[in-house]
Amino acid sequence: MYKIKNEVIESIIIAARNVYPDEFFSMLGGTEDKITELVIVPATFGENFSSYRLDLVPFDKNIIGTIHSHPSPNNNPSRADLESFAAKGKIHLIISHPYTLDTIRAYDTEGNRKQLKVI
Ligand SMILES: [Zn+2]
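These remarks concern the structure in this document. (Residues numbered from 1 in each chain as written. Predicted model: local features only at pLDDT ≥ 70, side-chain atom pairs only at ≥ 80, totals over all residues. Heavy atoms only, no water.)

### Here we look at the coordination of the zinc ion
Looking at the zinc ion, one finds its protein donor set to be His68 (NE2), His70 (NE2), Asp81 (OD) and Asp81 (OD), positioned 2.0 to 2.7 Å from the metal centre. In this structure, the zinc ion is coordinated by 4 donor atoms arranged in irregular fashion, with angles at the metal of 54 to 164°. Counting gaps between the donor residues of the zinc ion yields the pattern H-x1-H-x10-D. Taken together, the residues His70 in strand 4 (residues 63–70) and Asp81 in helix 2 (residues 79–85) connect sequence positions 11 residues apart. (Donors = N, O, S within 2.8 Å, 3.2 Å for Na, K, Ca; no water. Tetrahedral: all angles 85-135°; square planar, octahedral: opposite > 155°, others 65-115°. Helix = DSSP H or I, 4+ residues; strand = E, 2+ residues; numbered from the N terminus.)

### Remarks on the pairing of strand 2 (residues 25–31)
Of all 7 residues in strand 2, 6 are buried, a share of seventy percent or more. Where strand 2 meets strand 3 (residues 34–39), 5 bridges bridge the pair, whose relative direction is antiparallel. Bridge pairing in strand 3 links Leu28 to Leu38. The antiparallel hairpin formed by strand 2 and strand 3 contains 2 residues in its connecting segment, where Glu32 sits at a positive phi of about 50°. (Buried < 20%, exposed > 50% of the residue type's maximum accessible area, 1.4 Å probe, protein only. Pairing = 2+ DSSP bridges.)

Okay, here's the thing in structure tokens:
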């Protein structure tokens, strides 16, 4: 189970709605299994979120994973998602349209679903 601060969830929902129908992407900051902040990186919002520049990720932050949105009701990781998970931390969130607390899912590096507890 992963933990996530309520304000982080709220920020994710707002951001995902703002960029809809494009995809929102951000890194997750925190410690171990607790997500405490969004670490926004320069990214190209679009159908393929993988074009952000890893060299611009702030290195003083403790990056533990990623969050991205799907502009569809499908919040399962795609093949491309699974391929990118391993290189970008251990916690990966996907939020699907219409972007509510109920449409956020958490996965580990292999794409196994994990419980997410709001704190
Ligand atoms: Zn995806």
